[in-house]
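# Structural characterization, general
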Amino acid sequence: MIRYPRNLRGYGPTTPDPMWPNGARIAVQFVVNYEEGGENNVLHGDAASEAFLSEIIGAAPWPGQRHWNMESNYDYGARAGFWRLHRLFTGAGIKPTVYGVATALARSPEQVAAMVGAEWEIASHGLKWVEHKDMPEAEERAAIDEAIRLHTEVVGTPPEGWYTGRCSMNTVRLAAETGQLAYVSDTIDDDLPYWLRVGERDQLVIPYTMDANDMRFATAQGFNTGEHFFTYLKDSFDALYAEGLAGAPKMMSVGLHCRIVGRPGRVMGLKKFIDYIQSFEGVWTPRRIDIARHWADAHPPVTQIEPHTWEKTDFVAQFGGIFEHSCWIAERAWEMELGPAHDSAIGLHSALARVFRSASHEERLGVLNAHPDLAGKLAAAKRLTAESTSEQASAGLDALTDAERADFTRLNTDYVEKHGFPFIIAVRDHDKQGILNAFTRRVENDTETEFTEACKQVERIALLRLKEKLG
């Protein structure tokens, strides 16, 4: 048994209607990252200076030393950039969410007071703005607990949202395990919130962004001017707004940093974008906690069927009959690499069909011969499987006239004598006359052609059966 943990399925081809308040066509959510005073620094007990997201090209950590230019760059965000963003958002009547590093917040009381006074949401951005990828699990868990404690002490209320950013493979699970958070945002994997099962808890995840993010001013492949930033944000908005008008509203996150977009040569691109979206109807600009509360009310968690997590006996008991009387297909499928992508009818059908397709000719022939004749003796004796009984009844094959029964009997005999296996067709795709027409046509095929067609029909029947079970 191999299980693949990544969820590549998501919402699939049809996303849910988020039912944004007042029928909004899009939710545009602004995040202000407040990291200044929480970055790597020997003053903070770290081994070296910071080297991430600054104006310094090719910056590298300075082990055991303070880096004056790096500190000064971060200081700008607290001293000037924050207040520029504060004026911009309060003037526009927008309340963003702050991702606040707990130690940075503790070192910036006036900025925190301004955030609280403007009713900005302050979510936790971890204890320190440092890398977590190599942090032992117990150490990271302790850091999360301390971040929540310090945040509550500094802000006056505990955080309801979480975003580490420089996270580990354990971060989302550890944050969820606190049981204290309305949402976690350490993903960039969707345009809508979703529920994630963590142990016995359903944790809401509100994905973040690294593309509609001013961090690209500080990367090699990124924005050079405020106009570049505006253009990318505008194009993102236009695409998502159009999807909303078409009946599939989404969420757009915009990531900001005080020391980056807070510079005068960049902030006008952000202002231009805010002015642009405020010229449209049906644009909601909430805090992330507002999205979390709305989603919990409008889309509470629903228990999902997760076959990839089942024990073998349960898996085979449920799906062993999908390919007629051929439990070995489900048994082999269970041994494959399964994951969340296989928890739908299409996904599980893919796994089962792969087993069938890779089986020997003799094994596949056995599957064909496991199928009953259409309207044959087994049907008359009511000895079909429940699936076959329902399928044949759906096309009216349980209520044939004497003449029709004679036609089916003759065709069944001719077909089996010629090809060596029963005629197979996904009856739910046809009415009675369509089945008779296909029967009459296909009995004339050569056996190789008909074997291929029969196998395709077996797979089609399996898919239809799975859709009845899984939706």
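Further up the page is the structure itself.
For the structure given in this document, a descriptive report is provided here. (Residues numbered from 1 in each chain as written. Predicted model: local features only at pLDDT ≥ 70, side-chain atom pairs only at ≥ 80, totals over all residues. Heavy atoms only, no water.)

## Details of the pairing of strand 2 (residues 26–34)
Counting buried positions over the nine residues of strand 2 gives nine, a clear majority of the element. Going residue by residue along strand 2, you find I26, V28, F30, V32 and Y34 tucked away on one face and A27, Q29, V31 and N33 tucked away on the opposite face as well. Here strand 2 runs beside strand 9 (residues 250–257); their pairing, made up of eight bridges, is parallel. From the neighbouring strand, F30 faces strand 9, where its bridge partner is V254. Summarising the sheet, strand 2 and strand 10 (residues 283–284) pair through two bridges and their orientation is parallel. Residue pairing across strands places I26 opposite V283, the latter belonging to strand 10. Of the crossover connections in this fold, the one passing from strand 2 over helix 1 (residues 68–92) to the parallel strand 3 (residues 97–100) is right-handed. (Buried < 20%, exposed > 50% of the residue type's maximum accessible area, 1.4 Å probe, protein only. Helix = DSSP H or I, 4+ residues; strand = E, 2+ residues; numbered from the N terminus. Pairing = 2+ DSSP bridges. Right-handed = clockwise from strand over helix to strand, strands pointing away.)

## Here's the deal with the packing of helix 11 (residues 345–358) against helix 17 (residues 447–470)
Where helix 11 meets helix 17, the closest approach of the two axes is 9 Å, and the angle between their N-to-C directions is 150°. By the angle between their axes, helix 11 is roughly antiparallel relative to helix 17. Both helix 11 and helix 17 take part in a crossing whose hand is right-handed. Contacts between helix 11 and helix 17 involve A345, I346, L348, H349, L352, A353, F356 and R357 on the former and, on the latter, C455, V458, E459, A462, L463, L466, K467 and L470. Here the contact of helix 11 with helix 17 is built from residues that sort into twelve nonpolar, one polar and three charged. (Axes fitted to C-alpha atoms, helices over the stretch in contact; angles between N-to-C directions. Parallel < 35°, antiparallel > 145°, perpendicular 65-115°, else oblique. Left-handed = near helix turned anticlockwise from the far one by under 90°. Contact = heavy atoms within 4.5 Å. Nonpolar A, V, L, I, M, F, W, Y, C, P; charged D, E, K, R; others polar.)

## Focus: helix 4 (residues 137–155)
In a regular helix each residue adds 1.5 Å, so 19 residues correspond to 27 Å; helix 4 covers 27 Å between its end C-alpha atoms and thus fits that length. Three or more residues of helix 4 are buried, namely E140, A143, I144, A147, I148, L150, H151 and V155. Of the surrounding secondary structure, the elements contacted by the buried residues of helix 4 are helix 2 (102–106), helix 3 (109–117), strand 4 (121–124), strand 5 (161–162) and helix 5 (171–177). Phi for G156, located one or two positions after helix 4, is positive at around 105°. (Expected span 1.5 Å × (residues − 1).)

## Some remarks on the packing of aromatic side chains
Going through the model one piece at a time under the given rule, you end up with 31 aromatic pairs. Ring geometry for Y415 and F423: centres 5.4 Å apart, planes at 80°, overall edge-to-face. An aromatic cluster is defined as three or more aromatic residues linked by ring pairs; in this entry it consists of F30, Y34, F82, W83, F89, W120, F230, F237, Y241, F273, Y276 and F280. (Phe/Tyr/Trp six-rings, centres within 6.5 Å; stacked < 30°, edge-to-face > 60°.)

## Details of the environment of D189
Residue placement: D189 occurs in the loop between strand 6 (183–184) and strand 7 (194–198). Here the alpha-carbon distance between D189 and L270, two residues 81 residues apart in the chain, equals 24 Å. Filtering out sequence-adjacent residues up to four positions away, D189 remains in contact with Y194 and P207. Separated by 3.1 Å, the side chains of D189 and T187 make a polar contact. One polar contact links D189 to Y194, side chain to side chain, over a distance of 2.7 Å. (Polar contact = N/O pair within 3.5 Å; in protein donor to acceptor, adjacent residues only side chain to side chain.)

## Focus on the packing of helix 10 (residues 327–334) against helix 11
Relative orientation of the contacting elements helix 10 and helix 11 amounts to 115°, with a least axis distance of 9 Å. As judged from the angle between their axes, helix 10 and helix 11 are roughly perpendicular. With respect to the hand of their crossing, helix 10 and helix 11 are arranged in right-handed fashion. Note on element contacts: helix 11 touches helix 10 through A351, L352, V355 and F356, opposite W328, I329, A330, R332 and A333. Its residues assigned to classes, the contact of helix 10 with helix 11 comprises eight nonpolar, no polar and one charged.

## Some thoughts on the pattern of salt bridges
Per the counting criterion, the structure on display carries 30 salt bridges. Residue R149 pairs with E146 through a salt bridge whose shortest N-O separation is 2.8 Å. Of the two residues, R149 and E146 are both situated in helix 4; the distance of three residues between them amounts to about one turn of the helix. According to the relative accessible area criterion, R149 is partly exposed, its value standing at 41%. E146 gets classed as partly exposed once you look at its relative accessible area, which sits at 28%. One salt bridge connects K432 with E404, and the closest N-O pair in it is separated by 3.2 Å. In this pair, K432 sits in helix 16 (residues 432–442) while E404 sits in helix 15 (residues 402–419), placing the two residues 28 residues apart along the sequence. Taking relative accessible area as the criterion, K432 reaches 22% and is therefore assigned partly exposed. Each of E137, R141, R173 and E177 takes part in salt bridges that share partners, so that together they form one network. (Salt bridge = Lys/Arg side-chain N within 4 Å of Asp/Glu carboxyl O.)

## A short note on unusual backbone geometry
At N22, a residue that is not glycine, the phi angle is positive and equals roughly 60°. Counting through the fold element by element, N22 comes out in the loop between strand 1 (2–3) and strand 2. What makes N22 exposed here is its relative accessible area of 84%. At E119, a residue that is not glycine, the phi angle is positive and equals roughly 65°. As for its placement among the helices and strands, E119 is situated in the loop between helix 3 and strand 4. Classification of E119 by relative accessible area gives partly exposed; the value is 45%.

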